[in-house]
Amino acid sequence: MAVYTHLGAEELARLIAEYDVGELVSAKGIAEGVSNSNWLVETTGGRFILTMYERRIDIAQLPFFLGLLDHLAAAGCAVPATIHDRSGEALREVDGKAVALIEFLPGVSPNEPTPAQARAVGAALARVHLAAKDFMPQRENDLAPKDTSRILDKCGMDALRSIDAALPEIAERAHRLVEQWPDDLPHSIIHSDLFPDNVLMLGDEVSGMIDFYFAAHDMMAYDLAVTHAAWCFDKTGELFDAAVGKALVEGYENIRPLEPSEREALPLLAEGACLRFVASRAEDWLDTPADAHVLRKDPMDFVRRWDFYRDQGAAAFA
Ligand SMILES: Nc1ncnc2c1ncn2[C@@H]1O[C@H](COP(=O)(O)OP(=O)(O)O)[C@@H](O)[C@H]1O
Ligand SMILES: N[C@@H](CCOP(=O)(O)O)C(=O)O
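Computed from a predicted structure; not experimentally measured.

**A look at helix 10 (residues 300–312)**
An ideal rise of 1.5 Å per residue puts 18 Å on 13 residues; helix 10 measures up with 18 Å between its terminal C-alpha atoms. Taken residue by residue, helix 10 has Met300, Phe302, Val303, Arg305, Trp306, Phe308 and Tyr309 as its buried positions. Residue Gly313 follows helix 10 closely and has a positive phi angle near 55°.

Okay, here's the thing in structure tokens:
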């Protein structure tokens, strides 16, 4: 479920009247998503996504995320632009909560991505990296290995063990990874969470990349590694699809060839990507009451991926 707040018809109509988008025709809550409330809004002027920011996001950073969307959309990337209200603002407040109206993009998120789809996503990601280079505002990645390793430690070993007996050892493994972590590879703004459910596709074409709320300044090859870990396995992380992985990297390199140092670092960067999702999922698992109407994501899905990258090394990207 991802509608945490009820918005009445009058309140919605008043909000929509602040934008030059025609009159409200309908608004339907969107079930997908975890962090924010989203509505598909139809007006006499078209379709839009209304997002109310509910959790995890530091409101002070919203201008960075929304400005980035506008910058990338203007550069021709497949991302939704924000709709500005009559006074030029992209961000408004309703009931004390921040909201934004965003361009609706068509497409569906693939469940079982094909190599052709992965190739298109690789290319789309590389275009974002290139287009973001001249986006001036900066945001540090607060989910780099040093941070996510700390998140695991903060969970506590007993709590981690209550999720799965293997997790305390993973927290130890994270400490070792932090020590090996590079920081001297080429940077840009990265998406950091480009899972299939954050990509909209029409056939083999990327029609939209959404959910830029973890975007930050960091290594571009790390973003490719995150996307590799997110796209090339079945949900549980048991089965690796080499053809999808190969197509993803090829698609990326068709737009932005990797430097030899980036290519060499990919297996380690992929381990860091796995750590990031093990940690955030473990933290969410412990924070979410068992009877909450939110699907808890299993951190072990990314422990299996981590084992794979550690065992395979460069062969994972051959
Ligand atoms: N710009 C958009 N165009 C079309 N659909 C969108 C757009 N933004 C969000 N959605 C829909 O809303 C859902 C939830 O959005 P998302 O940003 O992933 O929420 P959350 O941050 O809560 O995970 C997506 O799965 C997609 O179906
Ligand atoms: N993609 C992450 C979770 C991030 O949540 P989102 O709904 O904001 O994309 C994961 O799978 O752990």
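**Some thoughts on the pairing of strand 6 (residues 97–103)**
Here is the key point about a regular strand: its side chains alternate between the two faces of the sheet. Across five bridges, strand 3 (residues 46–52) lies against strand 6 in antiparallel orientation. Counterpart to Ile49 in the pairing with strand 6 is Ile102. Sheet topology note: the strand 4 (residues 82–83)/strand 6 ladder contains two bridges and is antiparallel. By the bridge assignment for strand 6, Ile83 is matched with Leu101. As paired elements, strand 5 (residues 92–94) and strand 6 share three bridges and run antiparallel to each other.

**Notes on the confidence of the model for the protein**
The predicted coordinates should not be examined in detail at positions where pLDDT is low. When pLDDT is averaged along the protein, the result is 95, and 97% of the positions lie at 70 or above. At the level of chain-chain contacts, confidence expressed as ipTM amounts to 0.95, with global pTM at 0.95.

**Concerning the site of ligand 2**
The local shell around ligand 2 consists of Gly33, Val34, Ser35, Asp193, Phe195, Asn198, Asp211, Phe277, Ser280, Arg281 and Lys297. The residue inventory of the shell around ligand 2, partitioned by class, reads three nonpolar, four polar and four charged. Each of domain 1 (9–103) and domain 2 (115–317) gives at least three residues to the shell around ligand 2.

**Let's talk about the site of ligand 1**
Contacts to ligand 1 come from 19 residues, most closely from Glu32, Gly33, Ser35, Pro80 and Asp211. Of the residues belonging to the shell around ligand 1, the class tally is nine nonpolar, six polar and four charged. When residues are assigned to domains, the shell around ligand 1 turns out to be shared by domain 1 (9–103) and domain 2 (115–317), each giving three or more.

**So, helix 9 (residues 260–287)**
The end-to-end C-alpha separation of helix 9 is 41 Å, in line with the 40 Å expected for 28 residues at 1.5 Å each. If you look at helix 9, its biggest bend is around 50°, right at Leu266, and the proline Pro267 turns up within four residues after that.

Thresholds applied
- Residues numbered from 1 in each chain as written.
- Chains lettered and ligands numbered in written order.
- Predicted model: local features only at pLDDT ≥ 70, side-chain atom pairs only at ≥ 80, totals over all residues.
- Helix = DSSP H or I, 4+ residues; strand = E, 2+ residues; numbered from the N terminus.
- Expected span 1.5 Å × (residues − 1).
- Buried ≥ 20, exposed ≤ 12 C-beta atoms within 10 Å, placed from the backbone.
- Pairing = 2+ DSSP bridges.
- pLDDT = per-residue confidence, 0-100.
- Near = placed C-beta within 6 Å.
- Nonpolar A, V, L, I, M, F, W, Y, C, P; charged D, E, K, R; others polar.
- Domains from an automatic or database assignment.
- Bend = angle between axes of the 7 residues up to and from the residue.

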